[in-house]
Amino acid sequence: MPAVTVDNILALPRIPLPDATAVARPVKSVTTAPAGFEGEGFPVRRAFAGIDLSSLDPFIHIDQMGEVNYAPGEPKGTPWHPHRGFETVTYMIDGIMEHKDSGGGGGSIGGGDTQWMTAGAGILHIEAPPEHLVQSGGLFHGVQLWVNLPRDNKMAAPRYQDITGNKVALLSSDDGGALVRVIAGEVSGHQGPGSTYTPIALTHVTVAPGAAFALPWNRDFNALVYVLAGSGSVGPDRRPLRMGQTAVLGRGDTIDIAASDRPDSRSESLEVFVLGGKPIREPVAMAGPFVMNTRSEVIQAFEDFQAGRLGSIPAEYARD
């Protein structure tokens, strides 16, 4: 699981130890993601399945894509499809995905890269592995997150952000036992590159075997910890957490994370996706690829898509 690594973690800015008055966030619940398939048939884990939307707000959905080692000819993606009313954030850890959308955005995202697409008023897009990866096969692993948009921004103009791995903010825990990659938002005074409509923070954290640290977290944000690989614990009571599980945390100042002393056969370290944001607290009406505030708005989105008002497939793709 390479994503973004460093040669000397101790050369990075350090996250200071919490002061004596800091409150560690308690664990409210732990759920296990069911497995499923998405797009043309690539395997996913539904990380937020079984968690109430009020605990996720402003997030809607997250899939861990893979980790899967494809044989030649096996890699899969998605067909062209629409979105409206939210943002998709695709973070690649291993492998390569190519993105193209009807607004002209797109590019190739590899290990440690993030594509941030604001669907807003509506857009069509496609995500697929490049042809050379389809032919060769290989390791594929990533995360796709859906971030809700507030009512006033749901019909914003679509936009695309290409966040390469060398742009993320890199931090070290005080003792060097954890590497924190800040993709968006602010952590310990350091800002990630992702531009957001809703105040949020997204991080990918690697914790070495036996290491533990306290990640400072905005008190106004909720907090979610999803385990991408390995095992360990979270919270002041050291609640056990393993690959494919999500912890919902309560209020506080820090997120306490610890890695198991014994690495498992799949990962030497504990790999977690830590995210949170300021809740929007607005009604959510969701169906398929549309996330709106009311059922009538969702129906309108389907009608607009069918009428071609969400954009059109670029000519070079429409010919395929």
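The residue count restarts for each chain, going from 1 along the sequence in the order it is written. Restriction of local features to residues with pLDDT of at least 70 applies here, the model being predicted, together with a cutoff of 80 or more for giving and counting side-chain atom pairs; totals for whole chains, interfaces and linings are based on all residues. Side-chain metrics in this entry use all non-hydrogen atoms of the structure; hydrogen atoms and water are not considered.

### Re the overall build of the protein
Thought 1: Helical segments are the DSSP runs of H or I of at least four residues, strand segments are the runs of E of at least two, and each set is numbered from the N terminus. If you tally the helices and strands in the protein, you get four helices and 27 strands.
Thought 2: Computed over the C-alpha atoms, the radius of gyration of the protein is 19 Å, within 12% of the 20 Å expected from 2.2 N^0.38 for a compact globule of 320 residues.
Thought 3: Expressed along its principal axes, the backbone C-alpha trace of the protein runs to roughly 60 × 45 × 35 Å.
Thought 4: Per-residue burial over the protein gives 53% buried out of 320 residues. In this setup the radius of gyration rests on C-alpha atoms only. A globule is expected at 2.2 Å times the number of residues raised to 0.38. Each residue gets one of three labels from its accessible area relative to the maximum for its type: buried under 20%, exposed over 50%, partly exposed in between, using a 1.4 Å probe on protein chains only.

### What about the sheet that holds strand E19 (residues 212-216)?
Within a sheet, each strand pairs with its neighbour through backbone hydrogen bonds, oriented either parallel or antiparallel.
Thought 1: The pairing criterion is simple: DSSP has to find at least two bridges between the two strands. With respect to topology, four strands assemble into an open sheet ordered E19-E24-E21-E22, the strand pairing being antiparallel. Where the open sheet ends on each side, the last strands, each with one partner, are E19 and strand E22 (239-242). Neighbour-to-neighbour, the strand axes of the sheet open up by a mean angle of 30°, direction not taken into account. In this description, a line fitted to the C-alpha atoms serves as the axis of each element, helices being fitted only across the stretch in contact, and the angle between N-to-C directions of two axes falls anywhere from 0 to 180 degrees.

### Section: the sheet that holds strand E9 (residues 106-109)
Thought 1: Strand order in this open sheet of four strands is E6-E11-E8-E9, and the pairing throughout is antiparallel. Each of the sheet's edge strands pairs with one partner strand only, and the pair in question is strand E6 (81-83) and E9. Taking the axes of each pair of neighbouring strands and ignoring which way they run, one obtains an average angle of 25° across the sheet.
Thought 2: One ladder, built from four bridges, connects strand E8 (residues 97-101) with E9; its direction is antiparallel. Paired with Met 97 across the two strands is Ile 109, which belongs to E9.

### Examining the nonpolar core
Thought 1: By size, the foremost hydrophobic cluster in this structure holds 31 residues, and its most contacted members are Phe 48, Phe 59, Leu 145, Leu 202, Phe 273 and Leu 275.
Thought 2: Listed by contribution, the elements that provide at least two residues to this core are strand E5 (59-70), strand E7 (86-94), strand E12 (138-148), strand E15 (178-184), strand E18 (200-207), strand E20 (223-229) and strand E25 (270-277).
Thought 3: When checking whether two residues touch, look at their non-hydrogen atoms; a contact exists if any pair is within 4.5 Å. Once you skip the residues sitting within four places of it in the chain, Leu 275 turns out to touch Phe 48, Phe 59, Leu 145, Ala 201, Leu 202, Trp 217, Asn 222, Ala 223 and Leu 224.
Thought 4: In this structure, Val 180, Phe 221, Val 227 and Val 272 belong to the second largest nonpolar core, which totals 28 residues. Note on terminology: a nonpolar core comprises buried Ala, Val, Leu, Ile, Met, Phe, Trp, Tyr and Cys residues joined through side-chain atoms within 4.5 Å.

### Description of the environment of Gly 185
Thought 1: As for its position among the elements, Gly 185 is in the loop between E15 and strand E16 (186-187).
Thought 2: A relative accessible area of 8% means that Gly 185 is categorised as buried.
Thought 3: Between the C-alpha atom of Gly 185 and that of Ile 163, which follows or precedes it by 22 residues, the distance is 13 Å.
Thought 4: When near neighbours in sequence (up to four residues on either side) are disregarded, Gly 185 contacts His 190, Gln 191, Gly 192, Ile 200 and Ala 201.

### Some words on the pattern of salt bridges
Thought 1: Take a side-chain nitrogen of Lys or Arg and a carboxyl oxygen of Asp or Glu: if they are within 4 Å of each other, that pair is a salt bridge. For the coordinates displayed, the defined rule picks out four salt bridges.
Thought 2: Note that Asp 304 is salt-bridged to Arg 84, the shortest N-O span being 3.0 Å. Taken as a pair, Asp 304 in helix H3 (residues 295-306) and Arg 84 in the loop between E6 and E7 lie far apart in primary sequence, 220 residues in all.
Thought 3: One salt bridge in this structure joins Asp 253 and Arg 219, with 3.0 Å as the shortest N-O distance. Placement of Asp 253 in the loop between strand E23 (245-249) and strand E24 (254-259) and of Arg 219 in the loop between E19 and E20 is noted, with a sequence separation of 34 residues between them.

### Examining the environment of Val 27
Thought 1: Counting through the fold element by element, Val 27 comes out in strand E2 (residues 27-32).
Thought 2: Sequence separation of Val 27 and Asp 237 is 210 residues, and the distance between their C-alpha atoms is 8.1 Å.

### Here's the deal with unusual backbone geometry
Thought 1: With an omega dihedral of 20°, the bond running from Asp 57 to Pro 58 counts as a cis peptide bond.
Thought 2: With respect to the element layout, Pro 58 can be found in the loop between helix H1 (53-56) and E5.
Thought 3: Even without being a glycine, Arg 238 presents a positive backbone phi close to 55°.
Thought 4: As for its placement among the helices and strands, Arg 238 is situated in the loop between strand E21 (231-234) and E22.
Thought 5: Its relative accessible area of 53% is what places Arg 238 among the exposed residues.

### Observations regarding the pairing of E21
Thought 1: Where E21 and E22 come together, four bridges link them in antiparallel fashion. Bridge pairing links Gly 232 to Leu 241 in E22.
Thought 2: Bridge count for E21 against E24 is three bridges, and the pairing is antiparallel. Its bridge partner being in E24, Ser 233 is matched across the sheet by Ala 258.

### Regarding the packing of aromatic side chains
Each aromatic ring pair is described using two quantities: the centre-to-centre distance and the angle formed by the ring planes.
Thought 1: For this analysis, a ring pair means two rings from Phe, Tyr or Trp (six-membered ring only for Trp) whose centres lie within 6.5 Å, classed as stacked if their planes differ by under 30 degrees, edge-to-face if by over 60, and tilted for the remaining angles. Tallied over the entire structure, the rule returns four aromatic pairs.
Thought 2: Between the aromatic rings of Phe 290 and Phe 302, the centroid separation amounts to 4.8 Å while the plane-to-plane angle is 90°, which identifies the pairing as edge-to-face. Of this pair, Phe 290 sits in strand E27 (residues 290-292) while Phe 302 sits in helix H3, and the two are 12 residues apart along the sequence.

### With respect to H3
Thought 1: A helix is expected to reach a length of 1.5 Å times the quantity of its residues less one. Its 12 residues give H3 an end-to-end C-alpha distance of 17 Å, which sits within 8% of 16 Å, the value for a rise of 1.5 Å per residue.
Thought 2: Contacts from the buried residues of H3 go to strand E26 (285-287) and E27.

Spatial relationships are all this shows, so hold off on functional conclusions.
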